[in-house]
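Report on the structure
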Amino acid sequence: MSQTERDIHYMKMAMDMAAKAEEKGEVPVGAILVKNDEVISAGFNFCIGLHDPSAHAEMQCLRQAGKVIENYRLLDTTLYVTLEPCAMCAGAMVHSRVSRLVFGASDAKTGAAGTVIDLVRHSAFNHQLEVTQGVLELECAEQLSQFFRRRRKEKKALKQQQKLSASPE
């Protein structure tokens, strides 16, 4: 299997994790950490459920991986994530020494792997990641877009319902 085929395969797994986040009412972002063609850990956004602003998919995945391999250094690993990491997650990847980052959709608001800022390849740090972006980009972006469209529609319906129940008969 070529590197491109592997990237697509693992990104599909990350998208499956994102779907699990969505099932729990979370923003659908998923992550998979791979070492030597073996999945070491997986994670999805769980900030709302855990009441934890740091419970992003990448952070969940990195925490689990550290426990699995019993080391805070995640050398020779590749992290697959459906959305470009934020600064918090990018910093954690640098500190944990992830070797490679593969992401799907870019994040124009908080992307820290090249879109807004590039923390994972910053020359001032003692570790930089290799980055591959845009793997299944349209599919990853659409997964997020559908979620937010549905949320907006649900909010609108709730406002309508509140308006109807508040009006006198």
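Residues numbered from 1 in each chain as written. Predicted model: local features only at pLDDT ≥ 70, side-chain atom pairs only at ≥ 80, totals over all residues. Heavy atoms only, no water.

1. Here's the deal with the overall build of the protein chain
Across its full length, the protein chain holds 5 helices and 5 strands. Traced from its N-terminal end to its C-terminal end, the protein chain shows the element sequence α-β-β-α-α-β-α-β-β-α. Along the first, second and third principal axes, the C-alpha set of the protein chain runs to 65 × 30 × 30 Å. With 169 residues in all, the protein chain has 42% of them scored as buried. A total accessible area of about 9600 Å² is found for the protein chain, and carbon and sulfur atoms account for 54% of it. (Helix = DSSP H or I, 4+ residues; strand = E, 2+ residues; numbered from the N terminus. Buried < 20%, exposed > 50% of the residue type's maximum accessible area, 1.4 Å probe, protein only. Areas by Shrake-Rupley, 256 points an atom, 1.4 Å probe, with all protein chains shown as cover.)

2. Here we look at the environment of G104
Structurally, G104 can be placed in strand β4 (residues 100–105). The exposure class of G104 is buried, given its relative accessible area of 0%. In sequence terms G104 and E137 are 33 residues apart; their C-alpha atoms lie 4.3 Å from each other. Residues within four places of G104 in sequence aside, it is in contact with M11, V81, T82, G134, V135, E137 and C140. (Contact = heavy atoms within 4.5 Å.)

3. Remarks on the pattern of salt bridges
Overall, the coordinates contain 6 salt bridges when judged by the stated rule. Residue D37 is joined to R6 by a salt bridge in which the shortest nitrogen-to-oxygen separation is 3.9 Å. Residue D37 is located in the loop between β1 (30–35) and β2 (38–44), and its partner R6 is located in helix α1 (residues 3–23); the two are separated by 31 residues in the primary sequence. Taking relative accessible area as the criterion, R6 reaches 21% and is therefore assigned partly exposed. Here the residues in one salt-bridge network are D7, R100 and E130, joined through shared partners. (Salt bridge = Lys/Arg side-chain N within 4 Å of Asp/Glu carboxyl O.)

4. Looking at the sheet that holds β2
Spatial ordering of the open sheet is given by β2-β1-β3-β4-β5, a layout of 5 strands whose pairing is mixed. With partners counted over all chains shown, the strands left at the sheet margins are β2 and β5 (130–133), one partner each. Averaged over all adjacent pairs, the angle separating strand axes in this sheet is 15°, with direction ignored. Where β1 and β2 come together, 6 bridges link them in antiparallel fashion. Within β2, the position partnered with K35 by the bridge is E38. (Pairing = 2+ DSSP bridges. Axes fitted to C-alpha atoms, helices over the stretch in contact; angles between N-to-C directions.)

5. Some thoughts on the UniProt feature "domain: CMP/dCMP-type deaminase" (unreviewed entry) in the protein chain
The positions that UniProt labels "domain: CMP/dCMP-type deaminase" (unreviewed entry) are, in the present scheme, residues 5–116. This span, residues 5–116, is 41% helix and 22% strand, and a straight line between its end C-alpha atoms measures 28 Å. (UniProt positions renumbered as here; feature names shortened; annotations may be inferred.)

6. Comments concerning the packing of helix α3 (residues 57–69) against helix α4 (residues 87–96)
Geometry of a packed helix pair, given as the angle between the helix axes and the separation of the axes. At a minimum axis separation of 9 Å, α3 and α4 run at an interaxial angle of 25°. With respect to α4, the axis of α3 lies roughly parallel. Like other packed secondary-structure pairs, α3 and α4 cross with a definite hand, here left-handed. Facing α3, whose interface residues are E58, M59 and L62, α4 presents M88, C89, A92, M93 and S96. (Parallel < 35°, antiparallel > 145°, perpendicular 65-115°, else oblique. Left-handed = near helix turned anticlockwise from the far one by under 90°.)

7. Quick look at the packing of aromatic side chains
Taken as a whole and judged by the stated rule, the model has 3 aromatic pairs. A ring pair is formed by Y10 and Y80, whose centres lie 5.3 Å apart and whose planes are at 40°; its orientation type is tilted. With a gap of 70 residues between them, Y10 in helix α1 and Y80 in strand β3 (residues 78–83) connect regions that are remote in the sequence. Take Y10 and Y80: they sit in the same class, and that class is buried. (Phe/Tyr/Trp six-rings, centres within 6.5 Å; stacked < 30°, edge-to-face > 60°.)

8. Here we look at the UniProt feature "binding site: Zn(2+)" (unreviewed entry) in the protein chain
Feature annotation in UniProt assigns "binding site: Zn(2+)" (unreviewed entry) to the following positions: H56, C86 and C89. These annotated residues cover 34 residues of sequence, and their C-alpha atoms all fall within 9.2 Å of one another, placing them together at a single site. Along the chain, the position of H56 falls in the loop between α2 (47–50) and α3. With residues up to four places along the chain from it excluded, the contact list for H56 reads F44, N45, C47, C86, M88 and C89.

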